[in-house]
Amino acid sequence: MEQTVEHLFRHEWGKLVAALTKLFGVHNLELAEDVVQDTLVKAFEHWKINGVPSNPSGWLYTVARNKAVDVIRQQKRGEEFARSFTHLLQSEYSLVPTIHEQLNEKFVDDDRLRMMFVCCHPSLSPESQVALVLKTLCGFSVTEIAKAFVCSYDTIEKRLYRARQTFREQQVDFELPAADVLDSRLNNVLMAVYLLFNEGYNSTHHENLIRNDLMREAMRLCELICRTKTVEHANSHALMALMCFNASRNNARMDDDGNILLMKQQDRSKWNRALIETGVFHLEESAAGETISKYHLEAGIAYEHARARDYAHTNWHNILSCYNLLQQLYPSPIIALNRAIVIAELHGPKEAIVAIELIEGKETLKNYYLLPAVLGEYHAQIGDHTKAKAYFKEAEGLTHSSAEKKLLKQKEQSLHRR
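Remember, predicted model here, so these are calculated numbers, not experimental data. (Residues numbered from 1 in each chain as written. Predicted model: local features only at pLDDT ≥ 70, side-chain atom pairs only at ≥ 80, totals over all residues. Heavy atoms only, no water.)

A. Molecular detail of the overall build of the protein chain. Secondary structure assignment for the protein chain yields 20 helices and 0 strands. Here the C-alpha radius of gyration of the protein chain, 24 Å, is about what a compact globule of 418 residues would show, namely 22 Å. Split into buried and exposed, the 418 residues of the protein chain put 51% on the buried side. The long-range share in the protein chain, meaning contacts at least 24 apart out of those at least 6 apart in sequence, stands at 65%. Within the protein chain, one finds 49 positive and 54 negative side-chain charges whose respective centroids are separated by 3 Å. (Helix = DSSP H or I, 4+ residues; strand = E, 2+ residues; numbered from the N terminus. Rg over C-alpha atoms; globule rule 2.2 N^0.38 Å. Buried < 20%, exposed > 50% of the residue type's maximum accessible area, 1.4 Å probe, protein only. Contact = heavy atoms within 4.5 Å. Lys, Arg positive; Asp, Glu negative; His and termini not counted. Charge placed at Lys NZ, Arg CZ, Asp CG, Glu CD.)

B. Structural view of the packing of helix H19 (residues 385-398) against helix H20 (residues 402-417). Between H19 and H20, the least distance of the axes is 9 Å, while the angle of their chain directions is 160 degrees. Relative to H20, the element H19 lies roughly antiparallel. Relative to H20, H19 is oriented so that their crossing is left-handed. Contacts from His 385, Ala 388, Lys 389, Phe 392, Lys 393, Ala 395, Glu 396 and Gly 397 of H19 reach H20 at Lys 405, Leu 408, Lys 409, Lys 411, Glu 412, Leu 415 and His 416. Considering only residue class, the contact of H19 with H20 consists of 5 nonpolar, 3 polar and 7 charged. (Axes fitted to C-alpha atoms, helices over the stretch in contact; angles between N-to-C directions. Parallel < 35°, antiparallel > 145°, perpendicular 65-115°, else oblique. Left-handed = near helix turned anticlockwise from the far one by under 90°. Nonpolar A, V, L, I, M, F, W, Y, C, P; charged D, E, K, R; others polar.)

C. Region of interest: a nonpolar patch on the surface. Where nonpolar side chains cluster on the molecular surface, the patch consists of Ile 292, Leu 325, Leu 329 and Tyr 330 and spans about 300 Å² of accessible area. Its location among the elements puts Leu 329 in helix H15 (residues 316-329). With relative accessibility at 38%, the residue Leu 329 sits in the partly exposed group. (Patch = residues over 30% accessible without salt bridge, like charges linked within 9 Å, V, L, I, M, F, W, Y side chains within 5 Å. Areas by Shrake-Rupley, 256 points an atom, 1.4 Å probe, with all protein chains shown as cover. Salt bridge = Lys/Arg side-chain N within 4 Å of Asp/Glu carboxyl O.)

D. Quick look at the pattern of salt bridges. One pass over the structure, following the stated rule, counts 15 salt bridges. With its nearest N and O atoms 2.8 Å apart, the salt bridge here joins Glu 377 to Lys 411. Of this pair, Glu 377 sits in helix H18 (residues 370-381) while Lys 411 sits in helix H20, and the two are 34 residues apart along the sequence. A relative accessible area of 25% places Glu 377 in the partly exposed class. Of the charged contacts, one joins Lys 393 and Glu 412 as a salt bridge, the two residues approaching to 3.4 Å between their closest N and O atoms. With Lys 393 in helix H19 and Glu 412 in helix H20, the pair connects residues that are 19 residues apart, well separated along the chain. Each of Glu 33, Lys 135 and Arg 164 takes part in one network of salt bridges that share partners.

E. Here's a closer look at the side chain of Lys 15. By the secondary structure assignment, Lys 15 is in helix H1 (residues 2-24). With residues up to four places along the chain from it excluded, the contact list for Lys 15 reads Tyr 61, Val 108 and Arg 112.

F. Representation of the environment of Lys 294 in the model. Within the element layout of this structure, Lys 294 appears in helix H14 (residues 294-307). Relative accessible area serves as the criterion here: at 23%, Lys 294 is assigned to the partly exposed category. Remark: the alpha-carbon pair of Lys 294 and Gln 37, spanning 257 residues in sequence, is separated by 38 Å. In this structure, Lys 294 is in contact with Met 191, Leu 326 and Tyr 330, ignoring residues within four places of it in sequence.

G. Expanded view of unusual backbone geometry. The backbone of Gln 171 shows a phi angle near 50 degrees, a positive value even though the residue is not glycine. The topology assignment puts Gln 171 in the loop between helix H9 (153-170) and helix H10 (179-201).

H. Examining the packing of H10 against H14 more closely. Interhelical geometry of H10 versus H14 gives an angle of 35 degrees and a closest axis separation of 12 Å. Between H10 and H14, the contacting residues are Leu 190, Met 191 and Tyr 194 on the first element and Lys 294, Tyr 295 and Glu 298 on the second. Split by residue class, the contact of H10 with H14 holds 4 nonpolar, no polar and 2 charged.

I. Broad picture of H19. Compared with the 20 Å implied by 1.5 Å per residue over 14 residues, the 20 Å span of H19 between its first and last C-alpha is a close match. Within H19, burial applies to Ala 388, Phe 392, Ala 395 and Glu 396. Projected down its long axis, H19 shows its buried positions confined to an angular sector of 100 degrees, all on one face. For H19, the exposed residues set more than 90 degrees away from the buried face come down to Thr 386 and Gly 397. (Expected span 1.5 Å × (residues − 1). Arc of directions from axis to C-beta.)

Take a look at the structure:
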């Protein structure tokens, strides 16, 4: 029962916080979270004795409405809530009807969408935006957020506190941004969702390399954006396609002993075909836009992997074309490094090493474990085992993932055996 309730609470948390924030105002975000926390505590205590009700979501909304009414009555008269609701919430005659009308499941998608744009307000740093998305929309505790992004508890608390303070100082409204800035704000939202997914796909510090909980939350939020009629969908569909293609490989990425299986080693019969088909649908939908984004190109790369019946039949030429365009439109050392990996598939390890040496701004990757890991692999392939072992050891010292450390150690030991 505890697992069922935990899953339900995680799913319902963001809906309830968004609905209450609409009523209380963004400046009272912490108050909204407190009401939801009290609601879930009461639910757990009640359900532990009486069992989960037939409509648990409706049960939570009823308790949340009652607690919201109690909280507002306890506030000093004159408390400012959301501008459009303050006068209604200060009057005893309209308080209860307003709470019951607005805290309603029929507004769930609209409330969560607005909450996403609030969390990704441009006045906040990307780190604060992601922390807020995890806290307010995904129901993650401060401890879970700190663990996911390798920060101390206090660091996350400070980020959340500063974000709430910014909302109060700037009087941020619980509204979608104006049409002229909607696209740029949507980019912030999609970037937060993408960062969330990536941390789940390849967790940097968690004991598990793959965090399905983070990936599911990211895909759930992106799916909501794709269903919403008030925003431009092309980039959202492209991101959804990318996440579907990547997530489809999860069951094949580790063996039973917890060893990483690289794509060449993976059993493709374990890839989730339903997710791949969903990804194809979203990729086709993304073509309706007039521009091409990095999500389109990365989804195109992931699609080529998904459609290949085995590793040998991967269309590396198409993948290289995507990376060439990515490097042209969104130049970065990481994209250049990934491009070099494709060059190795087409032209061999020596050409790849040359491409890596020519990466502009390569010094920014000095703490990125994949750079020495890739160089170690290619030097091993050309027979320079001394350099290869040094690179693998360097990479092992740069990653915090136990699974990645284990893989690098195995590669180094295999060279010793040779």
